[in-house]
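In case you want the letters, here they are:
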Amino acid sequence: MRKLVVGLIGVLLVSGVALAEGDVQAGKGKVAACAGCHGADGNSALAVYPKLAGQNERYLLKQFNDIKSGSRPVAMMAGQLDNKSEQDLADIAAYYASLPISLGAAKADLVESGQQLYRSGNKNTGVAACTACHSPTGAGNGPAGFPALGGQHADYIAAQLTAFRAGERVNDGDSKIMRNVAFHLKDNEIEALASYISGLH
């Protein structure tokens with residue numbers, strides 16, 4: 001499994017699409033419309049909207065492009081990115097990546113089970129450890145485009161894991177990394193993982 005993960009990271013690094021270089025200051029002037037849902041500082045107040053602050057730039061840009069192209073349908077984002085150029089999206093990604101994420105807090109009764117899953121996975125059911133791609137601190141892997149998770153809303157994390165499990169979210173590539181992991185997660189495991197990740201930093 002470790003060789004597979006390392007190999008996938010290598011492929012992503014070598015064959016990654018050339019990205020426009022984002023400008024933080026330019027991005028700051030392009031996010032006024034985003035603030036209504038994602039917060040003025042990129043930390044959304046409502047868990048239905050993800051926190052964008054502190055997310056790695058490469059991941060954000062991919063998500064923006066996937067949403068714009070329709071390969072990641074997000075009803076609440078319909079039309080929001082249609083008139084944005086590649087440079088606009090790169091600038092916005094750079095801006096949000098430069099901001100600190102606000103931290104959440106894990107539910108005390110779910111810390112142990114969430115931590116176990118995050119750090120070690122579940123070998124009995126084939127669930128890989130989250131640390132392999134998202135780092136022990138939840139900071140993700142920017143060069144590989146794996147998202148930072150630590151501090152994200154628990155309800156948002158749970159919704160995304162559930163969508164991957166159901167095959168409703170499919171923009172994790174041909175390797176289906178997240179769909180394969182989430183497929184083996186039970187509801188209580190998703191709840192524990194999401195809670196733990198929310199408080200991770």
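Reference entry: report on the structure contained in this document.

## Here we look at the packing of aromatic side chains
Logical step 1: Taken as a whole, this structure holds 2 aromatic pairs when the rule is applied.
Logical step 2: Relative to Y196, the ring of Y118 has its centre 5.7 Å away and its plane inclined at 50°; by these criteria the two rings are tilted. On the criterion of sequence distance, the pair formed by Y118 in helix α6 (residues 111-120) and Y196 in helix α10 (residues 187-198) is long-range, its members being 78 residues apart. Each member of the pair, Y118 together with Y196, is buried.

## Some words on the environment of S71
Logical step 1: Note that S71 resides in the loop between α4 (57-69) and α5 (86-97).
Logical step 2: Relative accessible area serves as the criterion here: at 34%, S71 is assigned to the partly exposed category.
Logical step 3: There is a polar contact of 3.2 Å between the side chain of S71 and the side chain of S69.

## What to know about the environment of A47
Logical step 1: Note on placement: A47 falls in the loop between α3 (35-38) and α4.
Logical step 2: Placed 108 residues apart in sequence, A47 and D155 show a C-alpha to C-alpha distance of 5.8 Å.

## So, the state of the cysteines
Logical step 1: Counted according to the given criterion, the structure contains 0 disulfides.
Logical step 2: Cysteine C34 is unpaired, with the sulfur of C37 as its nearest cysteine sulfur at 8.8 Å.
Logical step 3: Using a relative accessible area of 31% as the deciding quantity, one classes C37 as partly exposed.

## Details of the pattern of salt bridges
Logical step 1: Within this structure, the stated rule accounts for 6 salt bridges.
Logical step 2: Where K30 meets D88, a salt bridge forms, and the shortest distance between an N and an O atom there is 2.8 Å. With K30 in the loop between α2 (24-28) and α3 and D88 in helix α5, this pair connects stretches of sequence that are 58 residues apart.
Logical step 3: Take K30: its relative accessible area is 24%, and that puts it in the partly exposed class.
Logical step 4: Looking at D88, the relative accessible area reads 18%, which means it is buried.
Logical step 5: The partner of D172 in a salt bridge is R179, with the nearest N and O atoms 2.7 Å apart.
Logical step 6: The class of R179 is buried, set by a relative accessible area of 17%.
Logical step 7: Several salt bridges share partner residues, and in doing so they unite K30, D88 and D91 into one network.

## A look at α4
Two residues of an α-helix separated by three or four positions point the same way, owing to the 3.6 residues in each turn.
Logical step 1: For α4, built from 13 residues, the straight-helix expectation of 18 Å at 1.5 Å per residue is met to within 8% by its first-to-last C-alpha distance of 18 Å.
Logical step 2: The set of residues buried in α4 consists of Y59, L60, L61, Q63, F64, D66 and I67.
Logical step 3: In the segment just after α4, G70 is the residue with positive phi, at about 95°.

## Details of the environment of D91
Logical step 1: Mapped onto the elements, D91 comes out in helix α5.
Logical step 2: Among residues more than four places away in sequence, those in contact with D91 are E21, G22, D23, A26, G27 and K30.

## Details of the packing of helix α8 (residues 154-166) against α10
Logical step 1: Where α8 contacts α10, the axes come no closer than 8 Å and their chain directions differ by 140°. Overall, the two elements α8 and α10 adopt an arrangement that is oblique. When the axes of α8 and α10 are compared, the crossing they make is right-handed. Touching A154, I157, A158, L161, T162 and R165 of α8 are D187, I190, L193, A194, S195, I197 and S198, all from α10.
Logical step 2: Residue classes in the contact of α8 with α10 are distributed as 8 nonpolar, 3 polar and 2 charged.

## A look at α8
Logical step 1: A rise of 1.5 Å per residue sets the reference length of α8, with its 13 residues, at 18 Å; its end C-alpha atoms lie 18 Å apart and thus fit the reference within 8%.
Logical step 2: Taken together, the buried positions of α8 are occupied by Y156, I157, A158, Q160, L161, A163 and F164.
Logical step 3: Looking at the packing, one finds that the buried side of α8 touches α9 (177-183) and α10.
Logical step 4: Backbone geometry just downstream of α8 places G167 in the positive-phi region, at approximately 80°.

What counts, and at which threshold
- Residues numbered from 1 in each chain as written.
- Predicted model: local features only at pLDDT ≥ 70, side-chain atom pairs only at ≥ 80, totals over all residues.
- Heavy atoms only, no water.
- Phe/Tyr/Trp six-rings, centres within 6.5 Å; stacked < 30°, edge-to-face > 60°.
- Helix = DSSP H or I, 4+ residues; strand = E, 2+ residues; numbered from the N terminus.
- Buried < 20%, exposed > 50% of the residue type's maximum accessible area, 1.4 Å probe, protein only.
- Polar contact = N/O pair within 3.5 Å; in protein donor to acceptor, adjacent residues only side chain to side chain.
- Disulfide = S-S within 2.5 Å.
- Salt bridge = Lys/Arg side-chain N within 4 Å of Asp/Glu carboxyl O.
- Expected span 1.5 Å × (residues − 1).
- Contact = heavy atoms within 4.5 Å.
- Axes fitted to C-alpha atoms, helices over the stretch in contact; angles between N-to-C directions.
- Parallel < 35°, antiparallel > 145°, perpendicular 65-115°, else oblique.
- Left-handed = near helix turned anticlockwise from the far one by under 90°.
- Nonpolar A, V, L, I, M, F, W, Y, C, P; charged D, E, K, R; others polar.

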